[in-house]
Amino acid sequence: MTTSRTRFTAPQRLLHWLMAICILSMLFIGVGMVSTITPRYLTLVQIHKPLGIAILVLALIRLALRIYYGAPSLPADLPEPMKLAAYLSQYILYALMISMPLIGWGMLSAASYPVVLFGGVHLPSILPVSASLHTLLWHAHYCMAFAFFAVILLHVAAILFHKLVRRDGVFETMAPALTRDHSE
Amino acid sequence: MPQSPSSRHLPLARLAIIAVVVGLVAVAFVYTAGWLSPHRLTPAKLVATLAPPGGPALGHRRNHAKGICFTGTFDANGNGSALSRAQVFVPGQYPVVGRFNLATADPNAADAMVRVRGLGIRITPPNGQEWRSAMIDAPIFPVSTPQGFYELQTAAGSKDPEAMKKFIASHPEFLTFLGWAKGAPWTSSYAEERYNSLNSFLFIDGSGTKRITRWSLIPAAQPVSITPNELAKRGPDFLEQEITQRVAAGPQRWSLVVTVANPGDPTADPNKAWPADRRSVEVGTLTVRQIEPEADGPCRDINYDPTVLPAGITTSDDPFPAARSAAYSRSYNSRTAEASSYPRTPTGAKQ
Ligand code: HEM
Ligand code: HEM
Ligand code: HEM
């Protein structure tokens, strides 16, 4: 899945940064909403559901782009454990980006809640009503949300390490689309 | 891309920057989650105050824990379309799953010990845009704000003999409710009660006009009053036995009446009734056709969250529905996770 390109393609970079903002927002919205009883609760829930489903759609597009375009190869001198960590974290991030929204959707379905996106737009239920399924998915959504946050923190720390300490060009492979494609 | 020579020895300043960035994001997250704000009123805290001294009844609703399921229909007569574009108001018959209940955290409480009775209802029109509501027979709510409700529960559960006095001193609105609780007649049937939304909601009609409303279910059955003592003599679960027999003998009906606020009415405070002359529209009839025990009944795993509303109805400036939604979800998550403590047998293995 690697390519001779030195950067991710523009659509990949665009999706990466757009989704980074969306996903971080989702994590903050999620923990914020379950800890308040003010009217903000409803506002946050009303953002959480459609934004989560949007992330699912974007993640599937992103996965297709990744399979089609591949990724620039990592620096040849990167130690093996770091390479392994880089690959593993990418798999984990993709898995979370796709499974978290599905689990959220399934959790609401199993609890017999309508899955309302905007005003009149409803999604169909994807699971039968079941207390045990609901409980399983609710616990999964909760635990995986914290795992997601932890993996993102590691990801950011690792990228900053590449950028500030190793200065090996890994950051530049995903640098925001506006910067010019130059080789140092 | 040549490696810069400075990366050979670890630049501590740069590592520190990384640690600070990651640390700040983590602290912001923890702050948002409320872990740094012990005084924030969270759904978990609000629901915890409802628990009786021995802890909550596992597997049961954290409030209005004693109840029985019903199924039936809602016949919309079309009048509601003047107020809201929701499909539930278009003439037609739509299925209903509901629940009669008592406002207590104890599923085994004796009927005569519980002053407030409630009804949960879910109407499902063909477009799937459900309308859920949980209503009570009191004409006003005990307190004006969700925070007030938390303080009421805290005072009621407190060992301090002065706690209720102090609570009332800071919440004089509670006295109006006490007046009702002490003075209003009791009935011996769920079918003879009037159930009120108390909270206000926004209705949006076909032209986009918004109106703030409350609604009530008004029983067709004539209320017959009874003293709590007489009710107690009929047995601790008389209400469930009575409604089961009554509905088996014939369907029971309520008419659904929507009341529209005038400008200036107290729309954000369910402790304040609106003047009796407000425009009210009868929008249809609820018919209860069958009663089923809760333990394996169709209402068991439903959360009658008052914010599950069809397009055409939404929340108003009343802060309660949001607080209730957050609390009911918490209660629902807990009770469904404890389902094994409340077996799905017709009797729910009631002792
Ligand atoms: C909110 C969360 C984020 C998620 C879910 C995320 C996810 C990912 C994923 C899955 C990749 C693999 C490339 C791909 O196929 O798209 C990646 C790469 C990358 N990310 Fe992120 N990212 C996030 C936040 C960030 C942030 C805040 C930064 C900047 C500090 C960053 C910088 C990078 C860089 C430079 C790469 C390319 C290097 C590599 O392939 O590992 N990401 N990210
Ligand atoms: C990338 C996608 C998503 C992320 C990162 C995310 C994250 C979170 C987080 C952090 C929480 C708070 C967990 C807690 O502290 O209890 C949460 C709760 C929740 N999420 Fe998501 N979520 C995502 C997608 C969705 C989707 C698509 C739905 C539904 C359509 C959904 C429905 C919910 C619900 C209903 C809760 C409240 C759970 C409860 O009752 O405790 N989520 N989510
Ligand atoms: C902040 C204030 C309130 C709190 C914290 C609260 C709390 C609760 C909880 C935890 C439940 C159990 C939910 C479940 O597990 O499904 C419940 C049920 C119920 N509540 Fe409230 N409540 C509040 C206000 C109200 C108001 C204003 C009304 C009526 C107008 C009301 C009427 C009911 C009814 C009828 C039920 C039973 C619904 C059913 O059959 O499932 N509550 N309440």
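All values reported here derive from a predicted model rather than from experimental measurement.

Student: Got a sec to walk through the site of ligand 1? Specific residues and values, please.
Tutor: Residues and elements named next belong to chain A. Around ligand 1, the surrounding shell holds 19 residues, and the nearest of these are His16, Arg66, Gln90, Tyr94 and His155. Arginine 62 is positioned with one of its side-chain polar atoms (N or O) 3.0 Å from an oxygen atom of ligand 1. Between arginine 66 and ligand 1, the recorded distance is 2.7 Å, taken from a side-chain N or O atom to an oxygen atom. Among the elements of the structure, helix H1 (10–33), helix H2 (40–69), helix H3 (80–110), helix H4 (131–166) and helix H5 (170–173) are those that each provide at least two residues to the shell around ligand 1. Looking at the shell around ligand 1, its residues break down into 13 nonpolar, four polar and two charged.

Student: Before we move on, could you go through the coordination of the iron atom of ligand 1 and cite the residues and values that matter?
Tutor: All names here are of chain A. Within the protein, His16 (NE2) and His155 (NE2) serve as the donor atoms for the iron atom of ligand 1, at 2.0 Å. Taken together, the six donor atoms surrounding the iron atom of ligand 1 define angles of 89 to 179° at the centre, an arrangement classified as octahedral. Here histidine 16 is found in helix H1, whereas its partner histidine 155 is found in helix H4, with 139 residues between them in sequence. Histidine 155 sits in the partly exposed class, given a relative accessible area of 26%.

Student: A description of the domain arrangement of chain B should follow, citing residues and the corresponding values.
Tutor: As a measure of interface size, the accessible area lost when the parts come together is often cited. Here chain B is partitioned into domain 1 (1–40) and domain 2 (62–142 + 187–341). The C-alpha-based centres of domain 1 of chain B and domain 2 of chain B are spaced at 51 Å.

Student: Tell me what's going on with the confidence of the model for chain B, and back it up with residues and numbers.
Tutor: Model confidence for chain B is summarised by a mean pLDDT of 95, while 97% of its residues fall at 70 or above. For this predicted complex, the interface score ipTM comes out at 0.92, alongside a pTM of 0.94.

Student: Could you give an account of the pairing of strand S11 (residues 280–292) of chain B, naming the residues involved and the relevant values?
Tutor: Residue and element names in this part refer to chain B. Pairing of strand S1 (residues 66–76) with S11 involves eight bridges; the strand directions are antiparallel. Residue pairing for S11: aspartate 75 is matched across the bridge by threonine 285. Direction of pairing for strand S10 (residues 252–260) relative to S11: antiparallel, over a ladder of eight bridges. Among the inter-strand pairings, tryptophan 254 is bridged to a residue of S11, identified as leucine 286.

Student: Let's hear about the side chain of arginine 115 of chain B: which residues, and what values?
Tutor: Residues and elements named next belong to chain B. Along the chain, arginine 115 falls in the loop between strand S2 (92–102) and strand S3 (117–123). Despite its burial, arginine 115 pairs with no opposite charge, the nearest such side chain being aspartate 137 at 5.4 Å. A distance of 2.8 Å separates the side chain of arginine 115 from the backbone oxygen of alanine 181, its partner in a polar contact. At 3.0 Å, the side chain of arginine 115 forms a polar contact with the backbone oxygen of alanine 184. The contact partners of arginine 115, leaving out residues within four places of it in the chain, are Asp137, Trp180, Ala181, Ala184, Pro185 and Trp186.

Student: Pulling in residues and values, what's your account of the interface of chain A and chain B?
Tutor: Contacts between the two partners involve 39 residues from chain A and, on the opposite side, 51 residues from chain B. Here chain A packs against chain B, burying approximately 3900 Å² in sum over the two surfaces, 69% of which is carbon and sulfur. Applying the counting criterion to the chain A and chain B interface returns zero salt bridges. The interface formed by chain A and chain B includes eleven residue pairs in polar contact (both at pLDDT 80 or more). Only H1, H2 and H4 of chain A provide two or more residues apiece to the side of chain A that touches chain B.

Student: Describe in detail the site of ligand 3, supporting the description with residues and values.
Tutor: All names here are of chain B. What surrounds ligand 3 is a group of 26 residues, the closest being Arg61, Arg99, Tyr328, Ser331 and Arg335. At 2.7 Å from an oxygen atom of ligand 3 is found a side-chain nitrogen or oxygen belonging to arginine 99. Residue arginine 324 places a side-chain N or O atom 3.5 Å away from a nitrogen atom belonging to ligand 3. Within the residue set of the shell around ligand 3, elements represented by two or more residues are S2, S3, strand S4 (131–136) and helix H8 (320–337).

Student: Pulling in residues and values, what's your account of the coordination of the iron atom of ligand 3?
Tutor: Just one protein atom donates to the iron atom of ligand 3; it is Tyr328 of chain B (OH), sitting 2.1 Å from the metal. Inspection of the secondary structure puts tyrosine 328 of chain B in helix H8.

Student: I'd like a rundown of a nonpolar patch on the surface, residues and numbers included.
Tutor: On the surface, a cluster of nonpolar side chains totalling about 600 Å² of accessible area is made up of Tyr142 of chain A together with Val27, Tyr31, Trp35 and Leu36 of chain B. Within the secondary structure layout, valine 27 of chain B lies in helix H1 (residues 12–32). Take valine 27 of chain B: its relative accessible area is 47%, and that puts it in the partly exposed class.

Student: With reference to specific residues and values, describe the pattern of salt bridges.
Tutor: Following the criterion strictly, the structure yields 21 salt bridges over all chains and no others. Across the pair arginine 166 of chain A and aspartate 77 of chain A runs a salt bridge whose closest N-O atoms are separated by 3.0 Å. You can see arginine 166 of chain A sitting in helix H4 and its partner aspartate 77 of chain A sitting in the loop between strand S2 (71–72) and H3, a full 89 residues away along the chain. For the salt bridge of glutamate 192 of chain B with arginine 246 of chain B, the shortest nitrogen-to-oxygen distance reads 3.1 Å. Of the two residues, glutamate 192 of chain B sits in the loop between strand S5 (186–187) and strand S6 (195–196) while arginine 246 of chain B sits in helix H7 (residues 238–249), which places them 54 residues apart along the sequence. Several salt bridges converge on common partners, so that one network encompasses Asp77, Arg166 and Asp168 of chain A.

Parameters and conventions
Residues numbered from 1 in each chain as written. Chains lettered and ligands numbered in written order. Predicted model: local features only at pLDDT ≥ 70, side-chain atom pairs only at ≥ 80, totals over all residues. Heavy atoms only, no water. Near = heavy atom within 4 Å. Polar contact = N/O pair within 3.5 Å; in protein donor to acceptor, adjacent residues only side chain to side chain. Helix = DSSP H or I, 4+ residues; strand = E, 2+ residues; numbered from the N terminus. Nonpolar A, V, L, I, M, F, W, Y, C, P; charged D, E, K, R; others polar. Donors = N, O, S within 2.8 Å, 3.2 Å for Na, K, Ca; no water. Tetrahedral: all angles 85-135°; square planar, octahedral: opposite > 155°, others 65-115°. Buried < 20%, exposed > 50% of the residue type's maximum accessible area, 1.4 Å probe, protein only. Domains from an automatic or database assignment. pLDDT = per-residue confidence, 0-100. Pairing = 2+ DSSP bridges. Lys, Arg positive; Asp, Glu negative; His and termini not counted. Salt bridge = Lys/Arg side-chain N within 4 Å of Asp/Glu carboxyl O. Contact = heavy atoms within 4.5 Å. Buried area = accessible area lost by both parts, 1.4 Å probe. Patch = residues over 30% accessible without salt bridge, like charges linked within 9 Å, V, L, I, M, F, W, Y side chains within 5 Å. Areas by Shrake-Rupley, 256 points an atom, 1.4 Å probe, with all protein chains shown as cover.

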